[in-house]
Structures are given as structure tokens and as C-alpha cells.
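Tertiary structure, described
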Amino acid sequence: MSMKKTLAVVAASALTFTMAACGSDSASTGGADGGNYITASGTEPQNPLIPGNTNEVGGGNIVDMIYSGLVYFDKDGVSHNEMAQSVELEGEKTYRVTLRDDIKWSDGSPVTSKDFVNTWNKVVEDAMLGAYFFESILGFEEGKPLEGLEIVDDQTFTIELTQPEADFPLRLGYSAFYPMHESAFDDLAAYGENPIGNGPYKLAEWNHNQDAIIVPNEEYSGDRAAQNDGINFVFYAQQDASYADLLAGNLDVTDAIPDSAFATFNDELGERAVNQPAAIFQSFTIPERLEHFGGEEGKLRRAAISRAINREEITATIFDGTRTPATDFTSPVIAGHTDTLNGAEVLEYDPEEAKRLWEEADKINPWTGTFAISYNADGGHQAWVDAVANSIKNTLGIEAEGNAYPDFKSLRDDVTKREITTAFRTGWQADYPSLGNFLSPLYGTNAGSNDGDYSNATFDQLLKQAAGAASVEEASEYYNEAQEILLQDLPVIPLWYSNVVGGYSENVDNVAFSWKSVPLFYAITKK
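The sections below set out a description of the structure shown in this document. Small disclaimer: the values here were computed from a predicted structure and weren't measured.

1. Some thoughts on unusual backbone geometry
Residues apart from glycine generally show negative phi values, whereas peptide bonds are mostly found in trans. One non-glycine residue, Asp453, lies in positive phi territory at about 55°. Assignment of secondary structure puts Asp453 in the loop between α13 (435-443) and α14 (457-467). For Leu490, which is not glycine, the phi torsion reads 50° and is therefore positive. Tracing the sequence through the fold places Leu490 in the loop between α15 (472-489) and β17 (492-504). A relative accessible area of 1% places Leu490 in the buried class.

Right, here's the structure in full:
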């Protein structure tokens, strides 16, 4: 993150604009319409608010509040029915979905099985970013409707898979599986700017590069009913600015503390400080298409670079205990995680081995140029990028540096369009609590978030075996075997696992952060 998701942290506009837009002298007091909104730090969504085409946190936080799926995940990652009355397995690979009879869109019209089926088909037909998640449904082929979906009646439809899959019901809580209102299909781009949703909130305003306001949806009848007047997601240019507003009481909640405050925020916020494990993995990607990083030469150089990074030192000195060096590609909070994978030593700092591997690569093709890691300057990444670059530079004796993009959206746009010409920071916030969610969307061949275009047939086969396992425990064995292939190929360089590090103001109560690091926005109340 879904992770949904590619992680943004915070981006894009200044408080002065926020206050002008809200018509108030305090960002925490709400909007010109009198709404006493909860203010939260956010980031400008990369795309219109289409669930199946949203795979980053800025858009994801809004999408998760204005839409609802068949199921939702609670604070601890446990799945509960939301739009579904039941999801039952019939035979080995067919699920029968029965919708609740009281669910409505924000315009008052009923949510039907047709809405789910048409939306899922649209995601696949248009090859949206979330299309990959439907690959297990019978007849999956991008550009075509899904053969395995069948509408029984307004409240019932069936999902036939190509094979039994133990964790398929978990996927149904991910935003790619949210339905869209029938009006979406008339003009998808326009709908994404002002969608009709079925979640606990509805979109009231989206002032691009400034803020977005969501207000309670009076037609919502699920378990996540809003306990406040609405949420104002404020898009800040820098984390330092959002943290300063938090301390001043002008911001109510943030899930990002600037690295400059890591050593002090616990004392400054006291019991309002948040520092807890979360399903977040951080890395940087080196696409194989870059010069010197294809074939056997690239494999050697990626291993050398990984060995040249002193993760222990960087997490201790820069992150002050809010990060843990990675031992795999997933997260310790997910069932099935292990820190004893074969090949995991490639993630350990070893200057001599790093130099040896680099010299082996030079025998294939001598190194030229500068190794650069691109990052978004608005997300608080400069300190660690500089530290990683210096570790590589000092160990391998090459030029290495950070390359700053002004904001998250511009970085992701170049990544998505495959126009980026350097390594680049990546990360994943889980969509649903499964090891597979950290692996399939990011490294499966042609997966929607496979930013480095990695492809390995053996890895793909293990993903398929894991998906078809009889239990989550059996699936984890296959997923971890697949990870051992990733440790050989290193499609990304794992760095560390992130705690959710955030806080809230004295103006609010009932603030809790979920298993995947996101505040439970609907539960927050004003004092």
C-alpha cells in the first residue's frame, strides 16, 4: 500500500492554501460548510478515484473510505463481511456470493451483483493496474470479460476459479474488488473525479494538489459507520510542515513523522505518539533494462549493491528504531513470515563480498557511469537515500547518489510509463494479510505493480502452487520457496520493514492504526 500499495508518504501543497480552502484560521476546524472535519495528512492521488486503477496510498486512503467491498479488514487484519451476506465455497473452486439486501450507493440506488460483475470485467478489459488480481478467475485474459463470473440474480453471483485457492476470499477485501456505480461506464475519467461510492463516506471536494474532503455517506449501513463529520486529507509539501502543524494543533492525525523528529516525537507527543509494527516493506528497484543490469552482469551487480548496504547502521542512525533490516520481501507481521530463507545472506552487509561480486561483473562488462536512486523529495526520503548511496559509493568505489523528483506523483508517473532511467525507491503496504500479496502483485510476470518488469517462470509456477494450496500454512511454504528465487535474482533490493510512525493531536479521540499502518479514519472522534 493496499497496499495497496506503492507507498507515497506525504506530498504536495502548503498549509496556507489549506486554510484558504477551508475558510478558517485552523486546519483542524473544518470547511466553509461548517463541517467539523478530522484533518489528516495525505498525498495527491496519482489517478482518478477508480478502485481497480489505484495502487498507491494517497488515492488508496480515499478509495478505501468512499467504496466498500464484499468484505473488510478490522484493525488486526481479520476479515468481516461488509457488502456480502455470505461468501460460500461450492465444490472445490466456485464461490457463491450473496449480497446483503440493504446496501445502497450514495445516490440511494441499490448495490447489485451486476455492479460487482461489470466492474470486475471492466478492470480486466481495460487492463487496469488491479487487473492482475483477477488472474485466478476462470477465463482471465486482459481485454476480455471474465468467463468465471455469472450473475444469478440482483443479490447473487458466482465466481469460478481456474483452480482451488486457499487465500482467495482474503483478496476480496482489496480495493481492486470494490464495485463501481453503473454511471462509471459512461465516462470513467469523469466518474473518477467525482465518484458515486458505497462506502462509509462520499467525496465532497477534491482540490487537486491541495486537499480532498470526504463526508459521511448517509446511505451506508455497514460496520464502518463514520463517527465524525468528515475527513479533510491535506496535501503538504514536506513532512516537517505537517508535523509542525500536528504539534500546533492544526492537524489531527498523521501517519508520517519526519526523520528529523524520530528522536523526539515520543517525548513531544507522549501517549499520542504511534510507533508499532506494520505490514510495510521498503526497497529500491533496479530495472533490468538499465545498462549494466541485464543478464548475468546485472545479477552480479544487484547482489554486490545489496551486500554494500549497511542496513543495521542506517536503520539505527537515521530511523532511530522505527525500521528493522529486511530478511525477506514480505513483513514479519504476516503469518508465514520467516527470517531463515536460503540465500538471505545477500541482504547482509559484507564489503569484501560486495567488491568481489562487482569485480566479477566488471569482467563481463566494465562499469561506467553513476549509480543513482530516484526518490520523491516530498516524502522524507533524502536522508536514507543519501546514506544508502554513500554506503554503496564507499564500499564499491563508484559514484553513487540520490536523484530527487519534486513529488510522489511525478516519480510514479515516470515509473508507470517506464520513462525512468535510474534505480528508484519502492515500497509496499499490504492489501490483505497474506505473504502472496507482497509477492504476486510486485514480481509476478506482467503484474500491475511489477515496476521492474521482472519475469521468472519458476517463480510464477511457485506462486500458482501457493495460490492453489489447501491451507494458508501450505501456501506459505511455496511462497517462501518463491522468495528464495527472488533472493538470487533481486528484482528489488530489500532494505527494511517499517513501523507505522505517526501521531495525533489533543483535539481528537479514538485514534487507532490498523495492521497495515493506516488510521481507522471512520472511528476518530473530535473532542
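Continuing now.
2. Brief notes about helix α10 (residues 351-364)
Taking 1.5 Å of rise per residue, 14 residues should cover 20 Å, and α10 covers 21 Å from first to last C-alpha, within 8% of that figure. Every buried residue of α10 is accounted for by Ala354, Leu357, Trp358 and Ala361. Each buried residue of α10 lies within a common arc of 100° when the element is viewed along its axis, so the set occupies one face. Away from its buried face by more than 90 degrees, α10 exposes Glu352 and Lys363. The inward-facing, buried residues of α10 abut α8 (295-307) and α11 (382-396).

3. Quick look at a negative patch on the surface
Judged by side-chain charge, Asp107, Glu182, Asp186 and Asp187 come together as a negatively charged surface patch. Within the secondary structure, Asp186 sits in the loop between α4 (168-171) and α5 (188-193).

4. Description of the packing of aromatic side chains
A full pass over the atoms with the stated rule returns 22 aromatic pairs. Judged by centre distance (6.0 Å) and plane angle (45°), the ring pair of Phe262 and Phe319 falls under tilted. One end of the pair, Phe262, is in the loop between β11 (253-254) and α7 (265-269); the other, Phe319, is in the loop between α9 (311-317) and β13 (323-325), with 57 residues separating them in the sequence. Exposure remark for Phe262: the relative accessible area of 5% places this residue in the buried category. Given the relative accessible area of 4%, Phe319 is considered buried. Ring geometry for Phe329 against Tyr443: centres 5.8 Å apart, planes inclined by 80°, an arrangement best described as edge-to-face.

The rules behind the values
- Residues numbered from 1 in each chain as written.
- Predicted model: local features only at pLDDT ≥ 70, side-chain atom pairs only at ≥ 80, totals over all residues.
- Heavy atoms only, no water.
- Helix = DSSP H or I, 4+ residues; strand = E, 2+ residues; numbered from the N terminus.
- Buried < 20%, exposed > 50% of the residue type's maximum accessible area, 1.4 Å probe, protein only.
- Expected span 1.5 Å × (residues − 1).
- Arc of directions from axis to C-beta.
- Contact = heavy atoms within 4.5 Å.
- Patch = residues over 30% accessible without salt bridge, like charges linked within 9 Å, V, L, I, M, F, W, Y side chains within 5 Å.
- Areas by Shrake-Rupley, 256 points an atom, 1.4 Å probe, with all protein chains shown as cover.
- Salt bridge = Lys/Arg side-chain N within 4 Å of Asp/Glu carboxyl O.
- Lys, Arg positive; Asp, Glu negative; His and termini not counted.
- Charge placed at Lys NZ, Arg CZ, Asp CG, Glu CD.
- Phe/Tyr/Trp six-rings, centres within 6.5 Å; stacked < 30°, edge-to-face > 60°.

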